[in-house]
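Each chain is listed here by its residues.
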Amino acid sequence: MEFSEQFFICVGTVVFVYYGVKLLIFSRMLFPKLCFPLPNAFMTSMGEWAVVTGSSEGIGRAYAFELAKRGMNVVIMSRNKETLDQVAAEITDTTGRNVKVIVTDFVKENVFGEIEDQLRDLNIGVLVNNVGILPNYIPSKFLDSKELDQVSEDKMCKMILPGMENRGKGLILNVSSGIASIPFPMYTLYAASKVFVERFSQGLQAEYKDKGIIIQVVAPFGVSTRMAAFQQTNMVTLSPEDFVQRSLLYLRAGDKTYGNVSHIIMGWVLQHIPLKLLYAEATQRSLNNYVKRKTSSHASSSCTVAH
């Protein structure tokens, strides 16, 4: 056999094995209960309390409810006391678990000392960092965008991680966004801030994995929340409750998860779209117009319901 034939056979074998492994890894994502099983008492084995930031509504609220349903007492944190008190009452009535309310504004630099004082004596096993604000729902270029609020994930981890390290167990979920998979024009600030969340989480997991602590970044695409103008749910756009329940099935799936099969596929597609196509001015205009239509449609339907 000539050298050229051997070379191409070797290359073909390597390519076959490479894509075979990738297909095998992807197939595991289709069956998370089978491939990444968790004991029923997993959450409570981490500790007595879960802390969820940005938990007055949307994904944060759904995490707080789901963790309480799984036996944990929860600390819920946000800016709106009235809404937090209502959420706390609903969690207690539904699950019977204890709920601690902390009213805070993460934009302010001096709030973290007070938060630490209120959390000091709690056995915290789970932290969900969910604070995040989309500067502009309508896609807009950098100079037309509002300023982005500071990131709080690092400070909350600095506060809670030492206790987890001492106990040799814990779970930290940092909520990012699927659009952080690539540089994303028209949402430049938001996407860039979520890249920080991803790299921060993955770096922490590398540092503390041997300590028995799971640190995972959760990167959803479509979830029907206020940030997404409460879009109608479907196979791709999930309700916060559905997304949280599905994403928790992937806790053992690695340091990053898109949270469900449809979002995993979207992440793959997004990373394989030619960037020249995505960055074309026509594509950016189309995105802007699409979101505007969706927003107008939602506003019209809301008005109809209200009347």
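This text goes with the structure placed above it.
Let us look at the structure shown here. (Residues numbered from 1 in each chain as written. Predicted model: local features only at pLDDT ≥ 70, side-chain atom pairs only at ≥ 80, totals over all residues. Heavy atoms only, no water.)

1. Let's talk about the overall build of the protein
Each helix and strand in the protein was counted, giving twelve helices and seven strands. Buried positions account for 42% of the 307 residues belonging to the protein. Considering only residue pairs separated by 6 or more positions, the protein has 72% of its internal contacts joining residues 24 or more positions apart. A total of about 16600 Å² of accessible surface is found on the protein, and carbon and sulfur atoms cover 58% of it. (Helix = DSSP H or I, 4+ residues; strand = E, 2+ residues; numbered from the N terminus. Buried < 20%, exposed > 50% of the residue type's maximum accessible area, 1.4 Å probe, protein only. Contact = heavy atoms within 4.5 Å. Areas by Shrake-Rupley, 256 points an atom, 1.4 Å probe, with all protein chains shown as cover.)

2. What about the environment of Asn-129?
Along the chain, Asn-129 falls in strand β4 (residues 124-129). On the basis of relative accessible area, Asn-129 is assigned to the buried category, the value being 0%. Separated by 28 residues in the primary sequence, Asn-129 and Cys-157 have C-alpha atoms spaced 8.6 Å apart. Once residues within four sequence positions are removed from consideration, Asn-129 is found in contact with Thr-53, Glu-153, Met-156, Cys-157, Ile-172, Leu-173, Asn-174 and Val-175.

3. Focus: helix α9 (residues 240-247)
Listing the buried residues of α9 in full gives Pro-240, Phe-243, Val-244 and Ser-247. Each buried residue of α9 lies within a common arc of 95° when the element is viewed along its axis, so the set occupies one face. Summarising the contacts, the buried residues of α9 are in contact with α4 (58-69), β6 (213-218) and α10 (261-272). (Arc of directions from axis to C-beta.)

4. Some words on the nonpolar core
Within the largest apolar cluster, 32 residues are counted, with the highest numbers of intra-cluster contacts made by Met-43, Tyr-63, Leu-67, Val-126 and Leu-171. Ranked by the residues each element gives to this core, the list is headed by α4, at seven residues. If near-sequence neighbours (up to four positions away) are discounted, Tyr-63 is found in contact with Val-52, Val-128, Leu-173, Val-175, Val-218, Val-244, Ser-247 and Leu-248. One finds Val-111, Cys-157, Met-159 and Ile-172 within the second-largest nonpolar core, a separate group that totals 23 residues. (Core = buried A, V, L, I, M, F, W, Y, C linked by side-chain atoms within 4.5 Å.)

5. A word on the pairing of β6
With six of six residues buried, β6 is to be regarded as a mostly interior element. Taking every second residue as pointing to the same face, both faces of β6 are buried, with Ile-213, Ile-215 and Val-217 on one and Ile-214, Gln-216 and Val-218 on the other. Sheet analysis places strand β5 (residues 170-175) next to β6, joined by six bridges and oriented parallel. If you follow Gly-170 over to β6, its bridge partner there is Ile-213. The parallel pair β5 and β6 is bridged by helix α8 (residues 188-208), and the resulting crossover is right-handed. Of the strand pairs in this sheet, β6 and strand β7 (residues 256-257) are connected by two bridges, and their pairing is parallel. Each bridged residue has a counterpart across the sheet, and for Val-218 the counterpart in β7 is Thr-257. (Pairing = 2+ DSSP bridges. Right-handed = clockwise from strand over helix to strand, strands pointing away.)

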